[in-house]
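# Observations on the three-dimensional arrangement
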Amino acid sequence: MNDRSHRTADAPGDTRAAVDQLAEATLAALRAPSVLNTQPWRWRLFGDTAELLVDRDRQLPALDPDGRLLLLSCGIALNHALTALRAGGYAGVVERLPDDRRPDLVARLHRGSRCAPDQRNYNAIYRRHTDRRPFADVLPPMADLDALRAAAVRHGVHLRVLTATELPSFADIATVADVVEHADRSLAADLKRWTTRTPEDQDGLPARTTTPPTERPVPARTFNRAQPPRLATGPGTDRGTAYTVLLTDQDEPRAWLAAGEALSDVWLTLTARGLAASPISEVVEVASARRALRNLLGEDAYPAIGLRIGVPVDPADAPPSPARRSGTDVLGLPGQS
Ligand SMILES: Cc1cc2nc3c(=O)[nH]c(=O)nc-3n(C[C@H](O)[C@H](O)[C@H](O)COP(=O)(O)O)c2cc1C
């Protein structure tokens, strides 16, 4: 692409500042949530451009053969980086999937023009967690749900709250998907790989972040049958929880990327508003479950991921965070591949 209108860094000192700000944004993106904490992305910096690339070694071959959740996770990292740039007073300019000959090039991110700094969602990057414990009995306020719908729409994605009538069928779809994932050897192998990582790997999903089964409207997912979950569920019941699904108009890579950007925006917005969430992705990982969910919703749209959203029982009691890779692992500087 020859359009250089996004360029704001032409003097050498300014180029250096642009690199610093982009590097900082990519470091904030290390906090991004990803499927099974695979963190399936890499960044490369060239002048005032940060390239976001898929890391294929971190794709889930059986659970995610088409790369839906891979691109969705990359979309989350992209929106986290943009959020960090905006907090620093730069608008950010993104070219999404800019080169058909390089499908692993997810995006080019440029610093863009100056804008009013926006700190709200930036602070949420460091406060956000996946909270798998049951939430309080109270419903999330309607004004918050409206704000979350608006956050999704900014990315061309719809956030659909399931009705009480739909919820039992949604629970059935999640339950069957969970059983299928452990009955199928290759699906179970993906789960095993990412739930048995060592501390040195700095990735994957440890048992200390997962909760044992309790009575709730939608059962908690089983990640590893051989490892008992270690996070105490607490007194919540999930009776006030909003079960939502992010929907896209298409079922192709650009839509999966947009769904990730929307999920990042929704999750940071809800965190900033004092709510908590955890994704439900088994319902889209198993093809038959994905079809059943689409039928249940009866929409001319495609389910990208489920998300349970609720009021935390004790806002001061954050759940533990799994490890993240280091910046040097994820960020290639000029001259490095
Ligand atoms: C695409 C995607 C799918 C996910 N699927 C699930 C899921 O089905 N169940 C769940 O409990 N957490 C799910 N998660 C949450 C991740 O496991 C979590 O983000 C990761 O372990 C990092 O932890 P953190 O979010 O607390 O930083 C998903 C996250 C993403 C981005």
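Not measured: the values here are computed from a predicted model.

### Here we look at the environment of Arg108
By secondary structure assignment, the location of Arg108 is in strand S4 (residues 105–110). Assessed through its relative accessible area of 17%, Arg108 is described here as buried. Expressed as a C-alpha distance, the spacing of Arg108 and Glu200, which sit 92 residues apart in the sequence, is 30 Å. Contacts of Arg108, omitting those with residues within four sequence positions, involve Thr49, Ala50, Glu51, Val93, Val94, Glu95, Pro98 and Arg102. Within the structure, Arg108 has its side chain in polar contact with the side chain of Glu51 (distance 3.4 Å).

### What about unusual backbone geometry?
Here the phi dihedral of Asn37 falls at roughly 55°; this positive angle occurs in a residue that is not glycine. If you trace the backbone, Asn37 turns up in the loop between helix H1 (12–28) and strand S1 (41–46). Since its relative accessible area comes to 4%, Asn37 is described here as buried. Positioned with a positive phi, Gln202 is a non-glycine residue whose angle comes to about 55°. Looking at the secondary structure, you find Gln202 in the loop between helix H6 (185–195) and strand S6 (242–248).

### Describing the pattern of salt bridges
For the structure shown, the criterion picks out 28 salt bridges. Linking Arg197 and Asp203 is a salt bridge whose minimum nitrogen-to-oxygen distance equals 2.8 Å. Look at Arg197 and you get partly exposed, because its relative accessible area is 27%. Ionic pairing is found between Arg216 and Asp238, a salt bridge with its closest N-O pair at 3.2 Å. Of this pair, Arg216 sits in the loop between H6 and S6 while Asp238 sits in the loop between H6 and S6, placing them 22 residues apart in sequence. Across the pair, exposure class does not vary: Arg216 and Asp238 are buried alike. Counted as one network, the salt bridges with shared partners bring together Arg44, Glu51, Glu95, Arg102 and Arg108.

### Some thoughts on the packing of aromatic side chains
Scanning all chains against the criterion turns up two aromatic pairs. With a centroid separation of 5.7 Å and an interplanar angle of 75°, the aromatic rings of Tyr122 and Tyr126 are classed as edge-to-face. Here Tyr122 and its partner Tyr126 are both found in helix H3 (residues 120–127), four residues apart, which amounts to about one turn of the helix. With 6.4 Å between their ring centres and 50° between their planes, Phe170 and Tyr243 make a pair best called tilted.

### Brief notes about the side chain of Arg68
You can see Arg68 is positioned in helix H2 (residues 68–87). Classification of Arg68 as buried rests on a relative accessible area of 13%. Every residue in contact with Arg68, bar those within four places of it in the chain, is listed here: Asp251, Trp256 and Arg290.

### Focus: the site of the ligand
Every one of the 23 residues lining the ligand counts as a neighbour, but Thr130, Arg132, Arg221, Ser281 and Arg324 are closest to it. Pro279 places a main-chain nitrogen or oxygen 3.1 Å from a nitrogen atom of the ligand. Between the ligand and Ser281 there is a distance of 2.7 Å, counted from a nitrogen atom to a side-chain nitrogen or oxygen. Elements with a contribution of two residues or more to the shell around the ligand: H2 and strand S7 (276–280).

### With respect to the sheet that holds S7
Read from one edge of the open sheet, four strands run S5-S6-S8-S7, paired in antiparallel fashion. Each edge of the sheet is formed by a strand with only one pairing partner; in this case those strands are strand S5 (158–161) and S7. Strand-to-strand, the axes of this sheet are offset by a mean angle of 30°, without reference to chain direction. Note: S7 against strand S8 (residues 302–310), five bridges, orientation antiparallel.

### Quick look at helix H9 (residues 287–297)
Here H9 has its buried residues at Ala289, Arg290, Leu293 and Leu297. Seen along its axis, H9 keeps its buried residues to an arc of 100°; they face one direction. Facing away from the buried surface of H9 by more than 90 degrees, the exposed residues are Arg291 and Asn295. Positioned one or two residues after H9, Gly298 has a phi angle of 60°, which is positive.

### Observations regarding the sheet that holds S1
Judged by pairing direction, the sheet is mixed, and its five strands sit side by side in the order S3-S4-S2-S1-S9 without closing on themselves. In the strand order of this sheet, the two ends are held by strand S3 (93–96) and strand S9 (331–332), each with one partner. In the packing of H2 onto the sheet, contacts are made with S1, strand S2 (49–54), S3 and S4, and the angle to S4 comes to roughly 5°.

### Focus: the domain arrangement of the protein chain
Each domain of the protein chain was delimited in the assignment, giving domain 1 (12–126) and domain 2 (127–310). One C-alpha centre belongs to domain 1, the other to domain 2; they are set 22 Å apart. Carbon and sulfur atoms make up 60% of the area that domain 1 and domain 2 hide from each other, which totals about 3200 Å². Three residues, Leu36, Leu63 and Arg68, lead the burial of domain 1 against domain 2; their summed loss comes to 23% of the area buried on that side. Taken together, domain 1 and domain 2 are joined by three salt bridges. Taken together, the links from domain 1 to domain 2 amount to 17 residue pairs in polar contact (both at pLDDT 80 or more). Contributions of two or more residues to the side of domain 1 that touches domain 2 are made by H2 and H3. Here the side of domain 1 that touches domain 2 gets 11 residues from one element, more than from any other, and that element is H2.

What counts and how
Residues numbered from 1 in each chain as written. Predicted model: local features only at pLDDT ≥ 70, side-chain atom pairs only at ≥ 80, totals over all residues. Heavy atoms only, no water. Helix = DSSP H or I, 4+ residues; strand = E, 2+ residues; numbered from the N terminus. Buried < 20%, exposed > 50% of the residue type's maximum accessible area, 1.4 Å probe, protein only. Contact = heavy atoms within 4.5 Å. Polar contact = N/O pair within 3.5 Å; in protein donor to acceptor, adjacent residues only side chain to side chain. Salt bridge = Lys/Arg side-chain N within 4 Å of Asp/Glu carboxyl O. Phe/Tyr/Trp six-rings, centres within 6.5 Å; stacked < 30°, edge-to-face > 60°. Near = heavy atom within 4 Å. Pairing = 2+ DSSP bridges. Axes fitted to C-alpha atoms, helices over the stretch in contact; angles between N-to-C directions. Arc of directions from axis to C-beta. Domains from an automatic or database assignment. Buried area = accessible area lost by both parts, 1.4 Å probe.

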